[in-house]
Protein chains: 2
Amino acid sequence: MAPPRDSTDTNDADRVREPIVSPYMPKYPDPMSNISNFKIIESTLREGEQFANAFFSTEKKVEIAKALDAIGVDYLELTSPAASEQSFNDCKTISNLGLKAKILTHTRCHMDDARLAIETGVDGVDVVIGTSSYLREFSHGKDMDYITTKAIEVITYIKDQGKEVRFSTEDSFRSDLVDLLSIYKAVDKIGVHRVGIADTVGCANPRQVYELVRTLRSVVNCDIECHFHNDTGCAIANAYAALEAGATHIDTSVLGIGERNGITPLGGLLARMYAADKQYVLDKYDLKQIRDVENIVASAVDVTVPFNNYITGYCAFTHKAGIHAKAILNNPSTYEILKPEDFGMSRYVSIGHRLTGWNAVKNRIEQLQLVDLTEDDAKTITAKIKELADIRPLSLENVDVLLRQYHSAKQTSNHLNVLQQYVNPDQLAV
Amino acid sequence: MAPPRDSTDTNDADRVREPIVSPYMPKYPDPMSNISNFKIIESTLREGEQFANAFFSTEKKVEIAKALDAIGVDYLELTSPAASEQSFNDCKTISNLGLKAKILTHTRCHMDDARLAIETGVDGVDVVIGTSSYLREFSHGKDMDYITTKAIEVITYIKDQGKEVRFSTEDSFRSDLVDLLSIYKAVDKIGVHRVGIADTVGCANPRQVYELVRTLRSVVNCDIECHFHNDTGCAIANAYAALEAGATHIDTSVLGIGERNGITPLGGLLARMYAADKQYVLDKYDLKQIRDVENIVASAVDVTVPFNNYITGYCAFTHKAGIHAKAILNNPSTYEILKPEDFGMSRYVSIGHRLTGWNAVKNRIEQLQLVDLTEDDAKTITAKIKELADIRPLSLENVDVLLRQYHSAKQTSNHLNVLQQYVNPDQLAV
């Protein structure tokens, strides 16, 4: 585990702490926060298999597991071996790949499932049980005493086999708080490695998450894992709030695939954490591999990477408005907190449209080394671009034709006449 | 403006407040929160026009404006009339449509732009200026005194024309807090209608948003508008946190389109707010129209609605895992906080895959009225479905063939033999 970036030598406790320099971080570190010290439990091969379109062959699971391992995720979570015969065999196969990531499987809180899980050779078992009053009534119908007794039996068994064990409730944000804390306290006491909070229905918001995790942090000593569905758009923000409050592990899947519209996406979480502690993320994860694993998974489940996907969506680094383009050309930090190169991506500044500005056009003039064109020339040409772009947007090639024609006509002082000749973008075809 | 749902008669201040019954809301209302009293400024025709692919003809803008008005959004924000000639004319055209929504345009903090805006006949002007040290250095280079003087001049002029006026900073979360509060206080004093906070680069997180809005709420009396980019996945959660802290207006666009990967999406925000105060959202907005406007915009900007889009993504209401399917069939609230019918959508429970469970299969048996099949039959068939689905997933039609064959064979006690005949899903082709 990488140490927190702000860790200080304990022999030197009195020295003044250096403020953190990033403008996106608080000036002084919060000792409860794990923003700079978190782990990822990658669940594409469990939660992701619950996505409507998902049907992974063994070979595809192995390919995805290796690609995720190459990024550097800390854990891979697999479908329960109790689900089907192939699921059982896949747990075995992936456990035997010798990956750096620890292999987990996700099972119901049953002794039968736990025994099957141990048989597969996984490094740990993620045990789950529903605890909300909704689920107690309509799903398994067990009461809290029964749940606690069962949990202790299953956890003790898994620990006795020398394996890592997590105990999670389901639908935690609609569960009775006292029930929740009681059961977490009971399983912490018998040495569970992690407790898990799950927003199974996607109803939680960040301030609720912060409060629940902060409260739980004062009740248990073990690690805290969080799992967030995205039905109401908070899955990334909730993960962040959980880490701020002291959670240690976040569940993700590639492109967020899972039940309904899914969970915290791996790429989106990494974008968020990069904005909070770039160095920690760069040291630990290979961000340039995100695009590859997204392409593998998108193709396997037959979806298109969303146009607005974090980092890899095709317009994630495109700048369009004139005022943005001008500032970006002066200093990319003005409108970019994610450096495209760090993700193996590139920046694109769009200039052939009605929202363009003369600074962006001037920059293009400089790129083309049309050195004798002035700022006034740039302004004149910009007005023409806006006029033409009201008819249809101009490609960069169209803009270049206009710039070069203007430039060459300027040698004979004919440049303003040249501009007047253009009344339709089609005249700028290359 | 709809009154807050929790408003109490001032003549009856001593009576005990009824706790709010939804499990997703705090037990007692927070008087600062506008979760149950917010307005939407729909900016597809401004921020959305800054999306890489966007090029809206006048006819398309009118179509989008009418579709958004049909949903019931409070405001429509349009591209600055200073951007191009068509932009100017479009402000005029849309202002003259007689829509219920108020029409705004978004301009730089310049007198020239303000005069143009007034000429178009819009109901109000959203004025913006960059204030972060990044932008002061690399974008317009003005200092704070100059900004304040300019802001007062422009705001006073717009107010004198009898129009609504908002003053927003840009990149507010990287601006100096004292600078920010000073300028907001100055413009509030001269009677600006709204101040705006903008996370222009998408770096903000919900707790920062909550703190900044809460602080601002104690400094100004006017309304507070918030604008959030989604580069790091917090645009919806930040909007929610802002409303909790006392913000009054949220900027959205259809599918979130805007610069880079965009801003708070209209559909996603409505999903979030529905989860927080269903009745307020249902009373005020026509949620069944979301899908239509998304289709219009997606087609206009040549993108596909993302597979995992809020509400309208094709799997938003699909339930797959056996344990989920069972509970959903008993009571949809167990795994659903959004009622698909309220959005004109329908629920789909997927059962022909290796993660299926016998309760889901039993439910299908009941739907098909194969009344003499027992729970044991359902369990036997489920095991067979899991076995076949390890080869490939079964369509609902495949499952139905299996159920009907089993059912008819049971009349002659031949049902177990029938199951044995199936060793590949292709045998279940319809």
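Conventions and cut-offs
Residues numbered from 1 in each chain as written. Chains lettered and ligands numbered in written order. Predicted model: local features only at pLDDT ≥ 70, side-chain atom pairs only at ≥ 80, totals over all residues. Heavy atoms only, no water. Axes fitted to C-alpha atoms, helices over the stretch in contact; angles between N-to-C directions. Helix = DSSP H or I, 4+ residues; strand = E, 2+ residues; numbered from the N terminus. Parallel < 35°, antiparallel > 145°, perpendicular 65-115°, else oblique. Left-handed = near helix turned anticlockwise from the far one by under 90°. Contact = heavy atoms within 4.5 Å. Nonpolar A, V, L, I, M, F, W, Y, C, P; charged D, E, K, R; others polar. Buried < 20%, exposed > 50% of the residue type's maximum accessible area, 1.4 Å probe, protein only. Pairing = 2+ DSSP bridges. Right-handed = clockwise from strand over helix to strand, strands pointing away. Phe/Tyr/Trp six-rings, centres within 6.5 Å; stacked < 30°, edge-to-face > 60°. Lys NZ or Arg CZ within 6 Å of the ring centre and 35° of its normal. Polar contact = N/O pair within 3.5 Å; in protein donor to acceptor, adjacent residues only side chain to side chain. Least-squares fit on C-alpha atoms with pLDDT ≥ 70 in both. Buried area = accessible area lost by both parts, 1.4 Å probe. Salt bridge = Lys/Arg side-chain N within 4 Å of Asp/Glu carboxyl O.

Engineer: Can you tell me about the packing of helix H1 (residues 58-71) of chain A against helix H11 (residues 290-300) of chain A, naming the residues and giving the values?
Structural biologist: All names here are of chain A. In contact at an axis separation of 9 Å, H1 and H11 are set at 160 degrees when each is read in the N-to-C sense. On the basis of their axis angle, the class for H1 and H11 is roughly antiparallel. Crossing geometry of H1 relative to H11 is assigned as left-handed. Contacts between H1 and H11 involve Lys60, Glu63, Ile64, Ala67, Leu68 and Ile71 on the former and, on the latter, Ile290, Val293, Ile296, Val297 and Ala300. For the contact of H1 with H11, a count of residues per class yields nine nonpolar, no polar and two charged.

Engineer: Residues and numbers for the pairing of strand E7 (residues 223-228) of chain B, please.
Structural biologist: All names here are of chain B. The buried fraction of E7 is high, at five of six residues. As judged from the six bridges shared by strand E6 (residues 194-199) and E7, these two strands associate in the parallel manner. Bridge pairing in E7 places Val195 opposite Ile224. With helix H7 (residues 206-217) bridging E6 and its parallel neighbour E7, the resulting β-α-β unit is right-handed. Pairing analysis gives two bridges linking E7 to strand E8 (residues 249-252), with the strands arranged parallel. Along E8, the bridge assignment pairs Cys226 with Ile250. As a crossover connection, the stretch from E7 through helix H8 (residues 235-244) into E8 is right-handed.

Engineer: Tell me about the packing of aromatic side chains, and name the residues and values.
Structural biologist: For the coordinates displayed, the defined rule picks out ten aromatic pairs over all chains. Between A:Phe307 and B:Phe51, the ring centres sit 5.5 Å apart and the planes meet at 65 degrees, which makes this aromatic pair edge-to-face. Of this pair, A:Phe307 sits in the loop between H11 and strand E9 (318-319) while B:Phe51 sits in the loop between strand E1 (39-42) and helix H1 (58-71), which puts the two residues in different chains. Looking at A:Phe307, the relative accessible area reads 7%, which means it is buried. Ring geometry for B:Phe173 versus B:Phe228: centroids 6.4 Å apart, planes at 40 degrees, classification tilted. Linking B:Phe173 in the loop between strand E5 (164-170) and helix H6 (177-189) with B:Phe228 in strand E7, this pair joins segments that are 55 residues apart in sequence. By relative accessible area, which is 1% here, B:Phe228 ends up buried. Ring pairs connect the aromatic residues A:Phe38, A:Tyr280 and A:Tyr285, which therefore count as one cluster. A cation over an aromatic ring shows up here: A:Arg115 above the ring of A:Tyr157, its NZ or CZ 5.9 Å from the ring centre.

Engineer: Can you tell me about the side chain of A:Thr248, naming the residues and giving the values?
Structural biologist: Topologically, A:Thr248 is positioned in the loop between helix H8 (235-244) and strand E8 (249-252). Within the local environment of A:Thr248, its side chain forms a polar contact with the side chain of A:His249, the two groups lying 2.7 Å apart.

Engineer: I'd like a description of the relation of the copies chain B and chain A, backed by residues and values.
Structural biologist: Rotating chain B by 180 degrees and moving it 0.0 Å along the rotation axis overlays it on chain A with an RMSD of 0.1 Å. When the rotation and shift are considered jointly, the pair of chain copies conforms to a two-fold rotation axis. Distance from the rotation axis, computed per C-alpha, reaches its smallest value in chain B at B:Pro306: 2.4 Å. The overlap is high: 99% of the interface residues of chain B also sit at the interface in chain A, so the same surface is used on both sides.

Engineer: Pulling in residues and values, what's your account of the interface of chain B and chain A?
Structural biologist: Listed as interface residues are 88 residues of chain B and, on the opposing side, 87 residues of chain A. Between chain B and chain A, roughly 7600 Å² of surface is buried when both sides are summed, and carbon and sulfur atoms account for 56% of that area. At the surface where chain B touches chain A, the tally comes to four salt bridges. Among the salt bridges present, the one from B:Glu49 reaches A:Arg354, with a minimum N-O distance of 2.2 Å. Elements supplying a minimum of two residues to the side of chain B that touches chain A: helix H2 (85-95), helix H4 (133-138), H7, H8, helix H9 (266-276), strand E9 (318-319), helix H12 (322-330) and helix H14 (375-389) of chain B. By residue number, the principal contributor to the side of chain B that touches chain A is H12(B), which donates five residues. For the side of chain B that touches chain A, the per-class residue count stands at 42 nonpolar, 27 polar and 19 charged.

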